[in-house]
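Coordinate analysis (summary)
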Amino acid sequence: MKIARRIENLPPYLFVEVIKKINAKKARGEEVISFAIGDPDMPTPPHIIERLCQAAQDPANHRYPESEGLPELHQAIAKWYEKRFGVSLDPDKEVLPLIGAKEGIAHIALCFIDPGDIALVPDPGYPVYSVGTMLAGGSPYYLPLTKENNFLPDLDVIPENIAEKAKLLWINYPNNPTGAVADLDFFNKLVKFAQQHNLAVCHDTPYTEVAFDGYRPVSFMQADGAKEVGVEFHSLSKSYNMTGWRIGMTVGNATMINALKTVKSNMDSGIPQAIQYAAIEALTGPQDCIQQHNAIYQRRRDLVVDMLNDIGLEAEPPRASLYVWAKVPEGYTSVDLANDLLEQVGVVVTPGIGYGQNGEGYVRLSLTIPDAGLVKGLSRLAGWRNTRNKFRAKK
Ligand SMILES: Cc1ncc(COP(=O)(O)O)c(C=O)c1O
């Protein structure tokens with residue numbers, strides 16, 4: 001059997017060792033508290049589930065869905081964008097439902113990237129931007145996100161020849177893993193940069209509804225001319241605790257949407273229709289669940305950030321997203337720290353290096369941990385402080 005080079009050339013999965021260690025601990029009957037995964041722990045709100053169950057009873061929804069999604073869902077997405085961001089979209093040409101944002105993010109590379117092409121990708125970043133590029137035969141050119149630049153890419157330092165050659169530019173705000181946010185000034189600048197270099201912009205933004213202290217993240221689509229240069233990927237996963245149902249959307253530039261439609265219509269057969277009806281309910285029904293979830297995440301955020309600073313892992317409270325991006329204390333790499341927390345106190349955090357070279361020096365903690373686990377996890381972190389000398393002695 002000869003596996004394709006496109007698979008063999010993918011970077012190794014960096015969490016393999018950590019996962020092995022977690023499983024070994026669990027096999028010994030030890031309890032592990034995980035701050036690793038950004039998967040909302042609270043259930044999908046009941047009115048959305050009710051609509052899903054109702055739609056599941058209707059035989060019309062037992063058949064192949066239309067690949068492009070129900071027209072009513074296109075309309076619900078357009079209305080939601082209008083209401084939430086004041087952005088008007090043509091539901092037919094500028095909206096496309098997805099089987100979760102991840103699916104569209106991976107597939108859009110096939111619309112733009114031929115072998116040898118370049119995509120500009122943030123580092124640290126959600127790994128699918130670079131892996132999608134590589135699966136299409138292209139190469140990512142990494143844009144460092146540093147604290148000094150508020151975890152925004154510095155467009156002015158991208159070499160001219162790279163910007164000219166690149167076809168796609170990825171960004172993601174509110175950001176995973178850093179929790180950073182971007183404002184309209186940055187998005188306006190990005191539109192100009194994309195126009196200058198004939199780039200297609202993909203803004204991945206599943207966390208606009210997870211925000212704290214009254215902050216309301218903006219959409220890239222609000223920037224002047226955004227629709228001429230790019231699309232935005234969005235998701236119901238985090239806004240409505242719907243990760244398990246797999247539903248998201250892309251909106252914006254009609255040519256890009258049409259290209260993605262072409263790829264998808266040849267690869268998948270759409271989103272199960274009952275789930276589409278649930279999504280319509282989520283987008284058009286009562287929105288108070290968002291405030292309720294955010295109040296819980298905000299309380300957890302404050303507890304986590306306080307504890308991290310207490311034990312010497314410098315962290316600032318994020319204004320949005322589900323993540324706290326904490327600085328690794330001197331003497332540790334991000335993998336060292338993740339391993340040590342797991343070994344000493346059975347707490348799992350994600351090493352920053354897993355998100356790219358510029359993620360080194362940080363670990364990510366997710367706020368999607370139920371309160372009982374959170375309390376236990378925090379007290380274990382407090383206990384870890386006393387074990388740090390052991391690590392130093394071992395080195
Ligand atoms: C930045 C980012 N984009 C996309 C996704 C995937 O979203 P979905 O569940 O809609 O596929 C995630 C999930 O964690 C994410 O963090």
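Placed above this text is the structure.
Residues numbered from 1 in each chain as written. Predicted model: local features only at pLDDT ≥ 70, side-chain atom pairs only at ≥ 80, totals over all residues. Heavy atoms only, no water.

**Comments concerning the overall build of the protein**
This is how it is decided: Numbering goes from the N terminus for both helices and strands, where a helix is a DSSP run of H or I of at least four residues and a strand is a run of E of at least two. Contacts are residue-level and defined by heavy atoms, with any inter-residue pair within 4.5 Å sufficient. Each accessible area value is a Shrake-Rupley result obtained with a 1.4 Å probe; residue values ignore everything except the protein chains displayed when judging cover. When charges are counted, Lys and Arg are positive and Asp and Glu negative, with His and the chain ends excluded. In this description, the location of a charge corresponds to atom NZ of lysine, CZ of arginine, CG of aspartate or CD of glutamate.
Looking only at helices and strands, the protein features 15 helices and twelve strands. Structurally, the protein occupies a C-alpha span of about 60 × 55 × 55 Å along its principal axes. Taking all contacts inside the protein whose residues are at least 6 apart in sequence as the whole, residues at least 24 apart take part in 74%. Approximately 17,600 Å² of the protein is accessible, and the part contributed by carbon and sulfur atoms is 53%. Taking the 40 positively charged and 46 negatively charged side chains of the protein as two groups, their mean positions are separated by 6 Å.

**Comments concerning the packing of aromatic side chains**
This is how it is decided: Pairing of aromatic rings covers Phe, Tyr and Trp, the last counted by its six-membered ring, and requires centre-to-centre distances within 6.5 Å; plane angles under 30 degrees mean stacked, over 60 mean edge-to-face, and any other angle means tilted.
All told, the structure shown has 14 aromatic pairs when counted by the stated rule. With centroids separated by 5.2 Å and ring planes inclined at 50°, the aromatic side chains of Tyr81 and Phe85 adopt a geometry described as tilted. Remark: Phe85 and Tyr81 occur in helix H4 (residues 71–85); sequence separation between them is four residues, near one turn of the helix. Centroid distance Trp325 to Tyr362: 4.9 Å. Interplanar angle 5°. Geometry classified as stacked. Of the two residues, Trp325 is situated in strand S9 (residues 323–327) and Tyr362 in strand S12 (residues 362–366); the sequence distance between them amounts to 37 residues.

**Topic: the pairing of S9**
The line we're drawing: Throughout, exposure labels follow a simple rule: accessible area from a 1.4 Å probe, protein chains only, divided by the maximum for the residue type, with under 20% read as buried, over 50% as exposed, and the rest as partly exposed. Strands are labelled as partners when DSSP assigns at least two bridges between them.
Along S9, four of the five residues are buried, which leaves the element largely enclosed by surrounding structure. Across five bridges, the pairing between S9 and S12 is antiparallel. Following the sheet pairing, Lys327 is matched in S12 by Tyr362.

**Topic: the state of the cysteines**
One covalent bond between the sulfur atoms of two cysteine residues makes up a disulfide. Put simply, the test is: Defined by distance alone, a disulfide is two cysteine sulfur atoms within 2.5 Å.
Applying the stated criterion across every chain yields a total of zero disulfides. The thiol of Cys111 is not disulfide-bonded; the next cysteine sulfur, from Cys202, is found 8.9 Å away. For Cys111, a relative accessible area of 22% translates into the label partly exposed. Relative accessible area serves as the criterion here: at 0%, Cys202 is assigned to the buried category.

**As for the site of the ligand**
For clarity, the threshold we go by: Proximity is defined per residue: any heavy atom of the residue falling within 4 Å of a molecule or strand makes that residue near it. For this analysis, a polar contact is any N or O atom pair within 3.5 Å, provided that within protein one partner can donate a hydrogen and the other can accept it, and provided that sequence-adjacent residues contribute only side-chain to side-chain pairs. Any residue outside Ala, Val, Leu, Ile, Met, Phe, Trp, Tyr, Cys, Pro, Asp, Glu, Lys and Arg is labelled polar, Gly included; the first ten of those are nonpolar and the last four are charged.
Around the ligand sit 15 residues, and of these Asp204, Tyr207, Ser235, Ser237 and Arg246 come closest. The separation between an oxygen atom of the ligand and a polar side-chain atom of Asn176 is 2.8 Å. Ser235 has a polar side-chain atom sitting 2.6 Å from an oxygen atom of the ligand. Its residues placed into classes, the shell around the ligand shows six nonpolar, five polar and four charged.

**Side note on helix H8 (residues 184–197)**
The condition that has to hold: The span you would expect from a helix comes to 1.5 Å times its residue count less one. What the arc measures is the spread of directions leading from the helix axis to the C-beta atoms.
Across its 14 residues, H8 extends 20 Å between first and last C-alpha, which sits within 8% of the 20 Å expected from 1.5 Å per residue. Inspection of H8 places Phe186, Phe187, Leu190, Val191, Phe193, Ala194 and His197 among the buried residues, and these make up the whole buried set. Along the long axis of H8, the arc covered by the buried residues comes to 165°, so they all point the same way. Those residues of H8 that are exposed and aimed more than 90 degrees away from the buried face are Asp185, Lys192 and Gln196.

**Description of the packing of helix H5 (residues 101–112) against helix H6 (residues 128–135)**
Rules: Working convention: axes come from line fits to C-alpha atoms, limited for helices to the stretch in contact. Angles between N-to-C directions cover 0 to 180 degrees. Left-handed describes a crossing in which the near helix is turned anticlockwise from the far one by less than a right angle; the clockwise case is right-handed.
H6 packs onto H5 with a crossing angle of 40° between their chain directions and a minimal axis gap of 7 Å. The way H5 lies across H6 gives a crossing that is right-handed. Between H5 and H6, the contacting residues are Lys102, Ile105, Ala106 and Ala109 on the first element and Val128, Tyr129, Gly132 and Thr133 on the second. For the contact of H5 with H6, the class distribution of residues is five nonpolar, two polar and one charged.

**Considerations on the sheet that holds strand S5 (residues 168–171)**
Adjacent strands of a sheet pair through backbone hydrogen bonds, lying either parallel or antiparallel. If you trace the seven strands from one edge of the open sheet to the other, you get S2-S8-S7-S6-S5-S3-S4, paired in mixed fashion. Edge strands, defined here as strands with exactly one partner in the open sheet, are strand S2 (95–98) and strand S4 (139–144). Averaged over all neighbouring strand pairs, the angle between strand axes comes to 20°, with direction disregarded. Here four bridges tie S2 to strand S8 (residues 248–252), and the two strands are oriented antiparallel to one another. Across the sheet, Leu98 pairs through a bridge with Gly248, a residue of S8. Sheet strands touched by H6: strand S3 (118–123), S4, S5 and strand S6 (200–204). Its angle to S4, the strand with the most contacts, is close to 155°. Against the sheet, helix H10 (residues 254–267) engages S2, S6, strand S7 (230–235) and S8, with an angle of about 35° to S2.

**Some points on helix H11 (residues 273–284)**
The end-to-end C-alpha distance of H11, which contains twelve residues, comes to 17 Å, matching closely the 16 Å that a straight helix rising 1.5 Å per residue would cover. Among the twelve residues of H11, ten are classified as buried, and the element is accordingly described as predominantly covered. Within the sequence span of H11, burial applies to Gln273, Ala274, Ile275, Gln276, Tyr277, Ala278, Ala279, Ile280, Ala282 and Leu283. Looking at the buried side of H11, the elements it contacts are helix H3 (46–56), H4 and S8.

None of this, on its own, says anything about what the molecule does.
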